[in-house]
Amino acid sequence: MKISHNFDAGAIEVVSLDDPQDIRLRLRPDNAADFRQWFYFRLQGAAGRALRMTFENAADAAYPDGWPGYRCVASYDRRNWFRVHGTTVEDGQLVVEHTPERDSVYYAYFEPYSHERHLDLLGWAEMSPFAEVENVGTTVEGRDLDSIVVGRPAPGRKAVWIIARQHPGETMTEWFIEGLLERLLDAADPVARRIREQAVLYIVPNMNPDGAIRGNLRTNAAGRNLNREWRAPDATASPEVFHVRQAMEASGCELFLDIHGDESLPYVFFSTAEEVPGFTPEMAAQQARLIAALAAASPDFQTEHGYQPGRFGEELLTLASKWVAHRFGCVSLTLEMPFKDNANLPDGQTGWSSARSKRLGAAMLNAILAHVERA
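Participant: When you look at the overall build of the chain in this model, what are you seeing that I'm missing?
Facilitator: Within the chain, the secondary structure is distributed over eight helices and 17 strands. The C-alpha radius of gyration of the chain comes to 20 Å, within 12% of the 21 Å expected for a compact globule of 375 residues. With respect to the three principal axes, the spread of C-alpha positions in the chain is 65 × 45 × 40 Å. Partitioning the intrachain contacts of the chain with sequence separation of at least 6 by distance along the chain shows that 74% fall at a separation of at least 24. For the chain, the exposed area adds up to about 14,600 Å²; of that, 46% sits on carbon and sulfur atoms. Distance from the positive charge centre (38 side chains) to the negative charge centre (52 side chains) of the chain: 3 Å.

Participant: What's the story with the pairing of strand β13 (residues 158–164) in this structure? I'm lost.
Facilitator: In the case of a regular strand, side chains alternate between the two sheet surfaces. Within β13, seven of the seven residues are buried, leaving the element largely enclosed by the surrounding structure. Both faces of β13 are covered, namely the face carrying Lys158, Val160, Ile162 and Ala164 and the face carrying Ala159, Trp161 and Ile163. In the sheet, β13 pairs with strand β15 (residues 255–262) via five bridges, with the strands oriented parallel. Looking at the pairing, Ile163 lines up with Asp258 of β15.

Participant: What is the right way to look at the environment of Thr236 in this model?
Facilitator: For Thr236, the location among the structural elements is in the loop between α4 (209–214) and α5 (239–251). Here the alpha-carbon distance between Thr236 and Thr139, two residues 97 residues apart in the chain, equals 8.8 Å.

Participant: Can you walk me through the state of the cysteines in this structure?
Facilitator: A covalent bond between the sulfur atoms of two cysteines is referred to as a disulfide. Inspection of every chain in the model, using the stated rule, returns zero disulfides. The thiol of Cys253 is not disulfide-bonded; the next cysteine sulfur, from Cys330, is found 4.1 Å away.

Participant: Sorry, what's going on with the pattern of salt bridges here?
Facilitator: A pair can form between side chains of opposite charge whenever their charged atoms are brought close. Inspection of the entire model under this criterion finds 25 salt bridges. Ionic pairing is found between Glu174 and Arg165, a salt bridge with its closest N-O pair at 3.0 Å. This pair shows no difference in class: Glu174 is buried, exactly as Arg165 is. One salt bridge in this structure joins Arg356 and Asp300, with 2.8 Å as the shortest N-O distance.

Participant: What should I look at first to understand the sheet that holds strand β9 (residues 93–98) in this one?
Facilitator: Hydrogen bonds between backbone atoms are what pair the strands of a sheet, whose relative direction is either parallel or antiparallel. In spatial order, the strands read β2-β3-β5-β9-β8; together these five strands make up an open sheet with mixed pairing. Two strands in the sheet have a free side with no partner beyond their single neighbour: β2 (13–16) and β8 (87–90). Each strand axis lies, on average, 30 degrees off the axis of its neighbour in the sheet, ignoring direction. Bridge count between strand β3 (residues 23–26) and strand β5 (residues 51–55): three bridges; the pairing is parallel. Residue Leu25 lies in a different strand from β5, and its bridge partner there is Phe55.

Participant: Can you help me understand the nonpolar core in this one?
Facilitator: Within soluble globular proteins, side chains that are nonpolar generally end up buried alongside one another. Ranked by internal contacts, the top residues of the largest apolar core, which has 85 residues, are Phe39 and Ile368. Counting residues per element, this core draws most heavily on helix α8 (residues 354–374), which supplies eight residues. Excluding residues that lie within four positions of it along the chain, Phe39 makes contacts with Ala11, Ile12, Leu27, Phe55, Trp67, Tyr70, Cys72, Leu94, Tyr107, Ala108 and Tyr109.

Participant: What should I look at first to understand the layout of surface pockets in this one?
Facilitator: In this approach a probe as big as a water molecule rolls over the atoms, and the regions it shows empty are the leftover space. In this structure, the largest pocket occupies an estimated 530 Å³ of space. Along its surface, the largest pocket is lined by 22 residues, and Arg78, Pro112, Ser114, Arg117 and Trp175 are the ones closest to its centre. Those elements giving two or more residues to the lining of the largest pocket turn out to be α1 (115–126), α2 (172–184) and α8. Here the element with the most residues in the lining of the largest pocket is α1; it accounts for five residues. A breakdown of the residues in the lining of the largest pocket according to their chemical character gives nine nonpolar, two polar and eleven charged. In this structure, the second largest pocket spans a volume of roughly 350 Å³.

Participant: I would appreciate a short explanation of unusual backbone geometry in the present structure.
Facilitator: In most cases, non-glycine residues show a negative phi, while peptide bonds are predominantly trans. If you check the backbone angles, Arg78 has positive phi at about 65 degrees while not being a glycine. As for its position among the elements, Arg78 is in the loop between β6 (73–75) and β7 (81–83).

Participant: Even after reading the chapter, I still don't get the environment of Asp77, so can you show me in this structure?
Facilitator: Looking at the element boundaries, Asp77 is found in the loop between β6 and β7. Between the C-alpha atom of Asp77 and that of Ala212, which follows or precedes it by 135 residues, the distance is 20 Å. Within polar-contact distance, the side chain of Asp77 engages the side chain of Asn80 at 2.7 Å.

Participant: How should I be thinking about the packing of aromatic side chains in this particular structure?
Facilitator: In this description, an aromatic ring pair is defined by two values, namely the gap between the centres and the angle between the planes. Summed over the entire model, instances satisfying the criterion amount to 24 aromatic pairs. Relative to Tyr109, the ring of Trp67 has its centre 5.7 Å away and its plane inclined at 65 degrees; by these criteria the two rings are edge-to-face. Of this pair, Trp67 sits in the loop between β5 and β6 while Tyr109 is found in the loop between β10 (104–108) and α1, placing the two residues 42 residues apart along the sequence. Note on Phe269 and Tyr307: the rings are 4.9 Å apart at their centroids and 85 degrees apart in plane angle, and the pair reads as edge-to-face.

How each quantity is defined
Residues numbered from 1 in each chain as written. Predicted model: local features only at pLDDT ≥ 70, side-chain atom pairs only at ≥ 80, totals over all residues. Heavy atoms only, no water. Helix = DSSP H or I, 4+ residues; strand = E, 2+ residues; numbered from the N terminus. Rg over C-alpha atoms; globule rule 2.2 N^0.38 Å. Contact = heavy atoms within 4.5 Å. Areas by Shrake-Rupley, 256 points an atom, 1.4 Å probe, with all protein chains shown as cover. Lys, Arg positive; Asp, Glu negative; His and termini not counted. Charge placed at Lys NZ, Arg CZ, Asp CG, Glu CD. Buried < 20%, exposed > 50% of the residue type's maximum accessible area, 1.4 Å probe, protein only. Pairing = 2+ DSSP bridges. Disulfide = S-S within 2.5 Å. Salt bridge = Lys/Arg side-chain N within 4 Å of Asp/Glu carboxyl O. Axes fitted to C-alpha atoms, helices over the stretch in contact; angles between N-to-C directions. Core = buried A, V, L, I, M, F, W, Y, C linked by side-chain atoms within 4.5 Å. 1 Å grid on protein atoms, 1.4 Å probe; cavity = no way out; pocket = protein on both sides within 12 Å on 5 of 7 lines; lining within 4 Å. Points joined across faces, edges and corners; volume = space filled by probe spheres on them. Nonpolar A, V, L, I, M, F, W, Y, C, P; charged D, E, K, R; others polar. Polar contact = N/O pair within 3.5 Å; in protein donor to acceptor, adjacent residues only side chain to side chain. Phe/Tyr/Trp six-rings, centres within 6.5 Å; stacked < 30°, edge-to-face > 60°.

And the structure:
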């Protein structure tokens with residue numbers, strides 16, 4: 001047997017691989033910070049053999065509450081992923097039991113979204129008559145940070161910003177963006193057409209390409225958690241936020257959506273802006289209207305479960321959606337999707353998946369339209 005991980009987003013530490021019933025692994029931390037939870041590796045030479053893989057340091061993960069109810073994902077072709085039912089937590093360790101059907105099988109924390117697919121998404125959008133790809137800046141390691149601009153600025157058109165993957169291990173967020181863009185750039189979709197007539201959308205599919213390629217969970221190449229950098233971003237250590245903030249100042253912002261994944265909660269929900277200083281009754285009414293529109297568009301979304309008030313404490317205005325709400329006085333929300341499954345609409349085969357993330361991204365257009373027509 002052999003385990004490899006030296007590829008885009010690969011991450012694992014192998015302790016022992018001698019006994020298929022006692023494969024010992026460790027979650028690898030981010031390259032410059034002590035966050036660990038993401039894993040992605042290839043195992044070869046085990047077709048038809050019953051495997052028992054133990055992640056010894058699962059209790060030291062960034063979110064150990066994320067393991068109960070979690071099921072590992074696996075794929076033979078890196079296109080079709082399924083959940084491994086034999087995923088359990090034993091004495092603080094994550095245990096994955098699986099008998100692969102083929103000699104080459106990939107295991108991951110969630111369905112990966114590769115950098116090549118990211119570049120393909122940009123290229124596909126560039127070919128649309130409704131979109132342009134603009135370079136926003138450069139990452140710590142010199143990679144391009146791009147936005148997809150849909151629509152042209154004109155009097156009366158609202159500026160809508162949507163960013164994803166500040167935390168690179170939250171790959172469901174770029175799947176969400178892919179689904180949103182597929183509908184938004186559809187010439188035959190009336191909701192998309194109306195949005196394009198009334199707004200300019202600035203969409204950043206991947207805020208953290210360095211961390212994504214490195215297989216990090218939460219940080220960029222300099223070890224910075226980008227979603228704690230918005231109050232005072234460092235042009236050297238967190239240039240991704242620095243450059244996007246500059247672009248937002250130039251365009252203005254009348255709606256902001258920051259797309260994320262949550263390790264622990266098995267629901268789709270918004271983190272809202274009521275705690276932000278200066279949050280007004282008008283902002284509250286607009287926020288409620290958008291939330292109601294998404295609930296009507298997608299049964300995957302719900303409002304009963306979410307974060308408790310006060311969760312972010314003094315960090316509040318370092319978070320993207322909270323800083324934007326404070327700076328621009330607009331509706332500004334963080335959308336969270338599960339790593340596990342949606343407990344309200346469970347799927348035993350795939351759990352929460354790339355396909356469901358894309359469907360939710362498409363449904364978000366209904367909520368965006370409800371906002372731009374009334375704002």
